[in-house]
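# Reading the structure
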Amino acid sequence: MSGRTRVIGLGQAAAGDDQVGLAVIEHLRERGAPDGVELLTAAEPSALLPLLETPAPVVLVDAVLAAPPGEVLVLEPEELEQRGLSTMSTHGLGVAQAVALARVLSPAAVSPSIRIIGVSISPPGRFQQGLSPDVAAAVPRAAEHILRTLTHWSQEPRHA
Amino acid sequence: MTNRTRTLQVDYLTRVEGETSLTLRLEGDKATDVRLSIFEPPRFFEALLRGRSYLEAPDITSRICGICPAAYLMSACLAVEDALGVQVDGPLRVLRRILYCGEWIESHALHVFLLHAPDFLGYPDALSMAKRHGEWVQRGLRIKKAGNTLMSILGGRSIHPINVRVGGFYRAPSRAELEAHLPELRWGRAATAEALEWMAGFPFPAFERAYEFVSLRHPSEYPLLGGRIVSSEGLDIPVHGWDAHFEETQVPYSNALHARRVGRGAYLCGPLARFNLNFDRLAPEVQEAARRAGLSVPCRNPFRALLVRLVEVLHAFTEAIQLIERYEEPAAPYVDTPARAGMGSGATEAPRGLLYHRYTLDPDGAIREARIVPPTSQNQLSIEDDLRTLAPELASRSHAEATRLAEQAIRNHDPCISCATHFLTLKVERA
């Protein structure tokens, strides 16, 4: 394997719980990312496409509309649509679609291992500057899941 | 033709930015009810600004949109500078125009290649389109990225730039930094010209409307930053005249306000309006490319806005290249902007159309009142009128086909729902 594992947070700052993906990246940054891990953010899924082009594994962190809020879900990209979950994209292209599009456009260049860590949020109903308490509480748990996923990957021979 | 009633209902409109739904009731071939309901939650930016420093206005309002933050930065800067009596000219204004070109490129490319082109080719989404036209989608993404890179060089990062301030920039880029991007901009210009030629062959529905077009007009430039507000019906006013000539009203079914020309009604801003009112300000080679693509002035077919966006991308590449070739680094990255009391207005051309800001400042520079009028709420009435006019065509199609055409007609205007959400305090009048 070459290249560093990418952990990419999605979301828009100033959009309430939608920014949870960014908050998880910030949390990981503060506690120090493990060696060989790159922390990145993207505000909309089309900006994600070039970031998926890496031979290394990729973990995406995003808000997922699901009840109850504050749950951490570990998903394969395909599961988003299969399970009827919707990531909070306001830009006409969802995360699952962005991954699928990247795989169609450059199958050889896209990371062979893409996993999504979703944090469930309620549909936004009013202006909110930061995260709601339930979603804020999920941030360290989501970060734990990511670190565990990274450890798991580093122990798998195909990613060694 | 039967006179039966049917309703086209699209609960979540896809491939537009933000959350909106459409209800269209047809009786025979007449539309009896058209509602574009923007239910994206209101975000109260105007209330959020009250009491904040005038220096914060650009940074706060740029968070309204991840696709066109430069428009918010620039309209806020112009309005605050107007209140302070400050003029930003020379190389600093050139840098602002380059930043804005980057935004037009990335926003239009995203819309044209990923959100709107699938409609014309008969695909449900960009993914299905990519299986057959992968090379064009790739090129579209690279064009978009060239715009984003321009924004990063000027703004510090491509989304929600942080290097812009009232009076100019925190740091001005060096000539070398900008020049390094020239090869990619030249590639983008050539790729866009080819895309325009390809898309000129798309099937465009024969549909025209007698819009009143509204845009900025500058003495010598294709409109980006400031100028006068003009319309195809003879309006010609300074930017601060917006409040006297336009009004916003609230409707019960939408979180976006509906804007009207006082005493006239609906109007249209955005690429078609700019193109029709400023064709003579496009670079000569861009005018020529537009003619070759079958476009002429006035263009009243909103479906052809797809081509007009590509014309504007071509112009933005051309202008950015010229500005960078002639760029001279400024002596200082910004001009001083000491606080004072005042009221100021600013307008720029966001990719989707005129973006108007107005601020009232206290003597210490605290914002007392803010007003932000985004293009989507200005176009909302016209979008509904398009659907009303399309009714006979919609009535003649199957439910699925009619729904698809109605969605395409909305996407013609690339509405940015998240920008448009607004909330007014309900006035209770007692007798």
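None of the values given here were measured: they were computed from a predicted structure.

Scoring rules and cut-offs
Residues numbered from 1 in each chain as written. Chains lettered and ligands numbered in written order. Predicted model: local features only at pLDDT ≥ 70, side-chain atom pairs only at ≥ 80, totals over all residues. Heavy atoms only, no water. Core = buried A, V, L, I, M, F, W, Y, C linked by side-chain atoms within 4.5 Å. Buried < 20%, exposed > 50% of the residue type's maximum accessible area, 1.4 Å probe, protein only. Helix = DSSP H or I, 4+ residues; strand = E, 2+ residues; numbered from the N terminus. Contact = heavy atoms within 4.5 Å. 1 Å grid on protein atoms, 1.4 Å probe; cavity = no way out; pocket = protein on both sides within 12 Å on 5 of 7 lines; lining within 4 Å. Points joined across faces, edges and corners; volume = space filled by probe spheres on them. Nonpolar A, V, L, I, M, F, W, Y, C, P; charged D, E, K, R; others polar. pLDDT = per-residue confidence, 0-100. Polar contact = N/O pair within 3.5 Å; in protein donor to acceptor, adjacent residues only side chain to side chain.

A separate point is the nonpolar core. What tends to happen in soluble globular proteins is that the nonpolar side chains get buried as a cluster. Ranked by internal contacts, the top residues of the largest apolar core, which has 161 residues, are Leu 60 of chain A together with Phe 275 and Tyr 359 of chain B. Counting residues per element, this core draws most heavily on helix H4 (residues 90-121) of chain B, at 17 residues. If sequence neighbours within four positions are ignored, Tyr 359 of chain B has contacts with Leu 49, Ala 57, Thr 61, Ala 76, Ala 79, Val 80, Gly 342, Met 343, Gly 344, Ile 367, Glu 369 and Ala 370 of chain B. The next biggest cluster of nonpolar side chains, apart from the first, holds 23 residues, and it includes Val 24, Val 59, Ile 121 and Trp 153 of chain A.

Here we come to empty space enclosed by the protein. Residues and elements named next belong to chain B. Under the defined criterion, the tally for this structure stands at two cavities of 30 Å³ or more. The volume enclosed by the second largest cavity comes to roughly 60 Å³. If you go around the second largest cavity, the residues you meet are Leu 268, Cys 269, Gly 270, Pro 271, Leu 272, Ala 305, Arg 309, Arg 352, Asn 379, Asn 412 and His 413. When contributions to the lining of the second largest cavity are tallied by element, the ones reaching two or more residues are helix H9 (271-278) and helix H11 (305-326). Each residue belonging to the lining of the second largest cavity can be placed in one class, and the counts come to five nonpolar, four polar and two charged.

A separate point is the confidence of the model for chain B. All names here are of chain B. Looking at chain B, the pLDDT average stands at 91 and 95% of residues meet or exceed 70. For residues 424-431, every residue scores under 50 in pLDDT, and the model assigns this stretch two contacts once sequence neighbours within four places are set aside. In the predicted assembly, ipTM is 0.78 and pTM is 0.90.

All names here are of chain A. Relative to the helices and strands, Arg 115 resides in strand S6 (residues 114-121). Along the backbone, Arg 115 and Asp 35 are 80 residues apart, and their C-alpha atoms lie at a distance of 19 Å. Here Arg 115 is in contact with Val 58, Val 59, Leu 60, Val 74, Leu 75, Glu 76, Thr 149 and Trp 153, once residues within four sequence places are set aside. Polar contacts involving the side chain of Arg 115 include one to the side chain of Glu 76, which spans 3.4 Å.

Here we come to the environment of Gly 134 of chain B. Here Gly 134 of chain B lies in helix H5 (residues 126-155). Spatially, the C-alpha atoms of Gly 134 of chain B and Leu 354 of chain B are 33 Å apart, while their sequence positions differ by 220 residues. Every residue in contact with Gly 134 of chain B, bar those within four places of it in the chain, is listed here: Leu 105 of chain A together with Met 129 of chain B.

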